Amino acid sequence: MSEQPAFDPTIIRSKALIISDYSGDLAKLELVERSLRPLKPHEVLVKVAATPINPSDMMFINGVYGITKPLPAVPGFEGSGTIVSTGDQLYSKVLLGKRVSFATQSPDDDGAWADYVIVAARQCLPLADSLGFEQAASAIVNPVSAWALIDIARQRNAKALVQTAAASQLGRMLIRLAQREKLTLINIVRRPEQVELLRVLGAEYVLNSNSPDFAEELASLCAAQQANLAFDAVGGELVGQVLKAMPKGSTMMVYGALADGACQIDPRSLIFENKHVTGFWLTDWISQINPLNFARITKNIQKLLIDELASTIQGRFKLSEAQNALELYQNNMTGGKVLFTP
């Protein structure tokens, strides 16, 4: 156990970005100074080192994510930092002074876009000495999602996979994990430069959804490779396009909504071809995993964060620079992670 003394969180004047409604108006995002409450026995106080902007954060701000929190609320579902104070439970105390990555997806949790955050001790993962705070800040949402999706593919004995938004950070992780597992992966992007980006990563099959021959090329590849499982981060009409191209009995698993529109599916694909559309939400997947098994998974993931599961970082901003950070993120989502470094 660390000998570093804890201190009373109520003496801290913490800075945090807050939303006062779920309108999605980023101009209303406000930097405030606030007092922290006393810790409950199972909680810890983390001095935040870095916290990313993720698509799920934007959905939360718009009020269309799977959970909401009492307003005013602090966005941000993950981050990294050092535990500087703990509650009275033994496991909480053991973490004092530890470097951790953490998640804040419980409706009762505060968000990560702050310089200090109170979270449940069980939602903190101690970091290996070799792992820096910046990579650790994005150690949960994307890496664990990529690991989970590849695990689902293994369990389903998928012959080959299709993924949309393949140039995203998570998409690139899926490419590297698929290569590691020797799984065939058909990658879909929407710009020519993204095709070249993935070619450099060693992706064998990359299609541009804006190409005039996209539908024919995708159908031909899906048939040749027997691609019967797809992971979609976009929604909208692309879901139906991909599902139509896949063989009978295929499954489309939707985990994102970048198009901000309803999935458009030809019902004949479901009726006559026995195709299926389902969802994937990381929070639900984690809740179904035995805690000891999840600890093993996250330990393995940390080892991969320096290569297969590493995130590219394109910008670092103080909380006071939130509007600049969000502008960069929205204008260049494939350029890499944008971090708040309070």
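Residues numbered from 1 in each chain as written. Predicted model: local features only at pLDDT ≥ 70, side-chain atom pairs only at ≥ 80, totals over all residues. Heavy atoms only, no water.

- Per an unreviewed UniProt entry, the protein goes by the name Mycocerosic acid synthase and belongs to Herpetosiphon gulosus.

**A few points about the UniProt feature "domain: Enoyl reductase (ER)" (unreviewed entry) in the protein**
Link 1 in the chain: Listed under "domain: Enoyl reductase (ER)" (unreviewed entry) in the UniProt record, and renumbered for this structure, are residues 24–340.
Link 2 in the chain: Overall, residues 24–340 shows 35% helix and 24% strand. The separation of its end C-alpha atoms is 19 Å. (UniProt positions renumbered as here; feature names shortened; annotations may be inferred. Helix = DSSP H or I, 4+ residues; strand = E, 2+ residues; numbered from the N terminus.)

**Some points on a nonpolar patch on the surface**
Link 1 in the chain: A contiguous nonpolar patch, built from Leu270, Ile271, Phe272 and Val277 and spanning about 400 Å² of accessible area, is present on the exposed surface.
Link 2 in the chain: The dominant element in the nonpolar patch, judged by the number of residues it contributes, is helix H9 (residues 267–272), at 3 residues.
Link 3 in the chain: Among the secondary structure elements, Phe272 is positioned in helix H9.
Link 4 in the chain: With a relative accessible area of 62%, Phe272 lands in the exposed category. (Patch = residues over 30% accessible without salt bridge, like charges linked within 9 Å, V, L, I, M, F, W, Y side chains within 5 Å. Areas by Shrake-Rupley, 256 points an atom, 1.4 Å probe, with all protein chains shown as cover. Salt bridge = Lys/Arg side-chain N within 4 Å of Asp/Glu carboxyl O. Buried < 20%, exposed > 50% of the residue type's maximum accessible area, 1.4 Å probe, protein only.)

**Examining helix H5 (residues 169–181)**
Link 1 in the chain: Counted at 1.5 Å a residue, the expected span for H5 with its 13 residues is 18 Å, and the 18 Å between its end C-alpha atoms agrees.
Link 2 in the chain: Among the 13 residues in H5, 10 count as buried, and that is most of the element.
Link 3 in the chain: Taken together, the buried positions of H5 are Gln169, Leu170, Gly171, Arg172, Met173, Leu174, Ile175, Arg176, Leu177 and Ala178.
Link 4 in the chain: Just past H5, the residue Lys182 takes up positive phi, approximately 60°. (Expected span 1.5 Å × (residues − 1).)

**Looking at the pattern of salt bridges**
Link 1 in the chain: One pass over the structure, following the stated rule, counts 11 salt bridges.
Link 2 in the chain: For the salt bridge of Asp21 with Lys28, the shortest nitrogen-to-oxygen distance reads 2.9 Å.
Link 3 in the chain: We classify Asp21 as partly exposed; its relative accessible area is 23%.
Link 4 in the chain: Residue classification places Lys28 among the partly exposed residues on the basis of a relative accessible area of 39%.

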